[in-house]
Amino acid sequence: LLWVTGDVPVQAFVAGNTQIPEFAEHNDFDNMIILLNFKHGTLGTIDLNRYSSYGYDQRLEVFGPLGMLHCEHSRPNHLVTSDQSGSTKTPLYYSFPSHYDQAFKNQLNYFVDLVRGKVKLSVTEKMTRAVSKVVQACKESVVSGVPVKITWSEGEIPEY
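Position numbers for residues count from 1 along each chain, tracking the sequence in the order it is written. Per-residue local features are limited, in this predicted model, to residues with pLDDT of at least 70; the limit for side-chain atom pairs, both in listing and counting, is 80 or more; totals at the level of whole chains, interfaces and linings are taken over all residues. To obtain the side-chain values, all non-hydrogen atoms of the structure were included, while hydrogens and water were left out.

Q: Can you help me understand the side chain of N31 in this one?
A: Tracing the backbone shows N31 in strand β2 (residues 31-38). In the analysis that follows, any N or O atom pair within 3.5 Å is treated as a polar contact, provided that within protein one partner can donate a hydrogen and the other can accept it, and provided that, for residues neighboring in sequence, both atoms belong to side chains. Within the structure, N31 has its side chain in polar contact with the side chain of N17 (distance 3.0 Å). Engagement of the side chain of N31 in a polar contact is seen with the side chain of D30, the distance being 3.1 Å. With sequence-adjacent residues up to four places away left out, N31 is seen in contact with A15, G16, N17, Q19, L48 and N49. Helix numbering and strand numbering both begin at the N terminus, where a helix is a DSSP run of H or I of at least 4 residues and a strand a DSSP run of E of at least 2. Whether two residues are in contact is decided by their heavy atoms: any pair within 4.5 Å suffices.

Q: Explain the layout of surface pockets to me, please; I cannot follow it from the model alone.
A: Gaps between atoms show up when a probe of the same size as a water molecule is rolled over them. We place a 1 Å grid over just the protein atoms. Points where a 1.4 Å probe fits but has no way out form a cavity, open points with protein on both sides within 12 Å along at least 5 of 7 lines form a pocket, and any residue with an atom within 4 Å of a point lines it. Grid points are joined across faces, edges and corners, and a volume is the space filled by probe spheres set on the points. Empty space within the largest pocket amounts to approximately 2,100 Å³. Lining the largest pocket are 49 residues, and of these I46, D47, L48, Q58 and R59 lie nearest its centre. Breaking the lining of the largest pocket down by element, the ones donating at least two residues are α1 (2-5), β2, β3 (43-49), β4 (60-64) and α5 (125-144). Residue classes follow a fixed rule: Ala, Val, Leu, Ile, Met, Phe, Trp, Tyr, Cys and Pro count as nonpolar, while Asp, Glu, Lys and Arg count as charged, and any other residue, Gly among them, counts as polar. When grouped by side-chain class, the residues that make up the lining of the largest pocket number 28 nonpolar, 12 polar and 9 charged.

Q: Would you explain the side chain of D30 in this entry?
A: Its place among the elements puts D30 in the loop between α2 (21-24) and β2. An unpaired buried charge is present at D30: no salt bridge exists, and R50, the closest side chain of opposite charge, is 6.9 Å distant. Residue contacts for D30: discarding those within four places in its chain leaves N17, T18, Q19, I20, F23, L48, N49 and R50. Categorising residues by exposure relies on relative accessible area from a 1.4 Å probe, with only protein chains included: less than 20% of the type maximum marks a residue as buried, more than 50% marks it as exposed, and the intermediate range marks it as partly exposed. Counted as positive: Lys and Arg. Counted as negative: Asp and Glu. His and the chain ends are not counted at all. A side-chain nitrogen of Lys or Arg and a carboxyl oxygen of Asp or Glu constitute a salt bridge if their distance falls within 4 Å.

Q: What is the right way to read a nonpolar patch on the surface from this model?
A: Patch criteria: residues need more than 30% relative accessible area and no salt bridge. Like-charged residues are merged within 9 Å; nonpolar side chains of Val, Leu, Ile, Met, Phe, Trp and Tyr are merged within 5 Å. Residue burial considers only the protein chains on display, and all accessible areas are found by Shrake-Rupley using a 1.4 Å probe. Judged by side-chain polarity, L1, W3, V4, L60, V62, L69, V131, V135 and Y160 come together as a nonpolar surface patch covering roughly 810 Å² of accessible area. Elements with a minimum of two residues in the nonpolar patch: α1, β4 and α5.

Q: Sorry if this is basic, but what is going on with the packing of aromatic side chains here?
A: A ring pair, where both rings are aromatic, is described by two values, the distance of the centres and the angle of the planes. Each Phe, Tyr or Trp ring, with Trp reduced to its six-membered ring, pairs with another whose centre is within 6.5 Å; inter-plane angles below 30 degrees give stacked pairs, above 60 give edge-to-face pairs, and intermediate values give tilted ones. Taken as a whole, this structure holds 0 aromatic pairs when the rule is applied. Its guanidinium or amino end placed over the ring of W152, K133 lies 4.8 Å from that ring's centre, counting from NZ or CZ. Working rule: Lys NZ or Arg CZ, within 6 Å of ring centre, within 35 degrees of ring normal, means a charge sits over the ring.

Q: For this particular structure, what's the right way to read the nonpolar core?
A: In a soluble, globular protein the nonpolar side chains are often hidden away together inside. Take the buried residues of types Ala, Val, Leu, Ile, Met, Phe, Trp, Tyr and Cys, join any two whose side-chain atoms come within 4.5 Å, and each joined set is a nonpolar core. If you look at the biggest cluster of nonpolar residues, it comprises 17 residues, and the most contacted ones within it are A12, L36, V134, C138 and W152. It is α5 that provides the largest number of residues to this core, a total of 5 residues. Excluding residues within four positions of it along the chain, L36 makes contact with L1, P9, Q11, A12, T42, L43, G44, I46, V134 and C138.

Q: I tried to follow the pairing of strand β1 (residues 9-17) on my own but got confused; where do I start?
A: Taken residue by residue, a regular strand's side chains alternate between the two faces of the sheet. Where β1 and β2 come together, 8 bridges link them in antiparallel fashion. Along β2, the bridge assignment pairs N17 with N31. Here β1 pairs with strand β8 (residues 148-149) via 2 bridges, running antiparallel. For A12, the partnering residue across the bridge sits in β8 and is V148. Two strands make a pair as long as DSSP finds a minimum of two bridges between them.

Note that every value here comes from positions in space, so none of it alone points to a role or purpose.
Dropping the structure here:
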């Protein structure tokens, strides 16, 4: 969300629970809702679930007074079959690796080009540190059950 908004969150609140016993055994969560309050007033939410019976579901929606952006989860193909009983779509990709197969290939090609000096690094140290700071605040919030303030110095805020 930092890259999408071009902003940094100043507060994180996370609620989580565990429905799958294997996660509970490790004091981990399989369901979480994250609410981020951003510096310039934007509210961002992230719904996480580590298991979905219908496939690997990932979507992005951004909306405001001027309109909306909506990016749905991808599927192996975009076939929709319709008949007298209704419509069906091709099922979602089932797993993270199947969903991101092409992305992994693109990253490997990018890495090779980076090592050969053909491209510049697109992710900065500031970007990585900013995401880590937000993740730590989220972890603190889900464990404590209360919102966590995130403070930023001018030097910590990345440019997107």
